[in-house]
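Descriptive analysis of the structure
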Amino acid sequence: MNKPLSEYSMHFLNAFLLLFLVSDAWSQSIQLQTGQTNFNFNTSSTLENAQVSVNAFSLSVYSFSNFSVYAKVSSVSSSSGVTMPASMVAIKLNTVSPSRSANFNPITLSTNNQQIIQSYYTLFWYVTYTYNLIIGPIGYDYPPGNQIFNILFTITSP
Amino acid sequence: MRSLFFLVFGCLLQLVLQGQSSANFTSTLNIQPVMELSLTNTASNATFSTPDQYAGEYVISNFNNIKINSNQNWNLSMAATSNVFTASGTFASANMPASICRIGVTGQSAVLTLSTTSQLLSTGNRGSETAAGNSFDITLRINPGYNYGAGIYNIGIVYTLTAK
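Attention here is on the structure that accompanies the text. (Residues numbered from 1 in each chain as written. Chains lettered and ligands numbered in written order. Predicted model: local features only at pLDDT ≥ 70, side-chain atom pairs only at ≥ 80, totals over all residues. Heavy atoms only, no water.)

1. Quick word on the sheet that holds strand E1 (residues 22–31) of chain B
Read from one edge to the other, the open sheet built from 5 strands follows the order E2(A)-E1(B)-E9(A)-E4(A)-E7(A), with strand pairing classed as mixed. On the outer flanks of this sheet lie strand E2 (39–41) and strand E7 (114–119) of chain A, each paired with one strand and no other. Across the sheet, the mean angle from the axis of one strand to that of its neighbour is 20 degrees, orientation sign disregarded. In the sheet, strand E4 (residues 67–78) of chain A pairs with strand E9 (residues 145–156) of chain A via 10 bridges, with the strands oriented antiparallel. Note on E9(A): the bridge partner recorded for A:Val73 is A:Ile151. (Pairing = 2+ DSSP bridges. Helix = DSSP H or I, 4+ residues; strand = E, 2+ residues; numbered from the N terminus. Axes fitted to C-alpha atoms, helices over the stretch in contact; angles between N-to-C directions.)

2. So, the environment of A:Ser75
All names here are of chain A. Summarising the element assignment, serine 75 is placed in strand E4. Residues serine 75 and isoleucine 148 lie 73 residues apart in sequence; the distance between their C-alpha atoms is 8.0 Å. Discounting residues that sit within four places of it in the chain, serine 75 has contacts with Ile148, Phe149 and Asn150. (Contact = heavy atoms within 4.5 Å.)

3. Digging into unusual backbone geometry
Residue and element names in this part refer to chain A. Note that the residue after serine 97, namely proline 98, is joined by a cis bond; omega there is -10 degrees. The residue proline 98 is located in the loop between strand E5 (89–97) and strand E6 (107–108) in this model. A cis geometry characterises the amide bond from glycine 136 onward to proline 137, with omega recorded as 10 degrees. Along the chain, the position of proline 137 falls in the loop between strand E8 (127–135) and E9. At asparagine 55, a position not held by glycine, the phi torsion is positive, near 55 degrees. Owing to a relative accessible area of 40%, asparagine 55 belongs among the partly exposed residues under this scheme. (Buried < 20%, exposed > 50% of the residue type's maximum accessible area, 1.4 Å probe, protein only.)

These figures come from the coordinates and say nothing about function on their own.
Next up, the structure:
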């Protein structure tokens, strides 16, 4: 006996929604909030010592699966014609909320992706990693002008 | 009804789960011109007490030590603060000129006669004081001859660091 078309449609819709939900079960997200990420170098002391912006940025992550976050300097540009290396930038984890184990050591960035976070699923809840941004010491080898670093974070599942 | 439930639940879940897999920010470093000169007076006094010192040229090869930290290429100039020495003492002469002194970077042949006109003493490249050419001694050569009376004489020397 033939079922009504509307019943087939309902089964199709249910199957579609089920796939939709299953696909979302692997979903993950990274959101960035920034504070003070710009630096001014105008004295000998600022050139000769590493400059630290405490709690410069936060990465809020949720993931339905175990996840890794990678960071890299995606570009550096300069108004002076002398471009700094990516290694001039480092980050250091300051806090994790809610608390979970993490790497609190300073990490010097490069133009290649480096794993900065490896952790387990969060389900619906965001876990927020707050970092200090560390520059230099830049020394006297870079002429006056602006150096612009673009820093990229990517979340993946292992 | 069941489909409607799935649809509504799915849409809500999707709204909750909408996210992004990457994020980025820009950090701008604003570097201002910074130039720093540190001077050590290693031997700022000269005592003339023998005939040879009057007859020849009294040379102090480590008169001053200069260290430069600069993020710009630099020029170092020097000048006397007055045309003549200030003199004290019963027999001191009031007219001993700055030009009895000649100044140069130790190890280099160029020597400048001291005057109130600013003269280029040395140049260098940006870098810290540990960079080649950013730390050096100054040689002072003094030749008063026998034309000035015994006494105590003083004169100021001003070093000026500027961007090249």
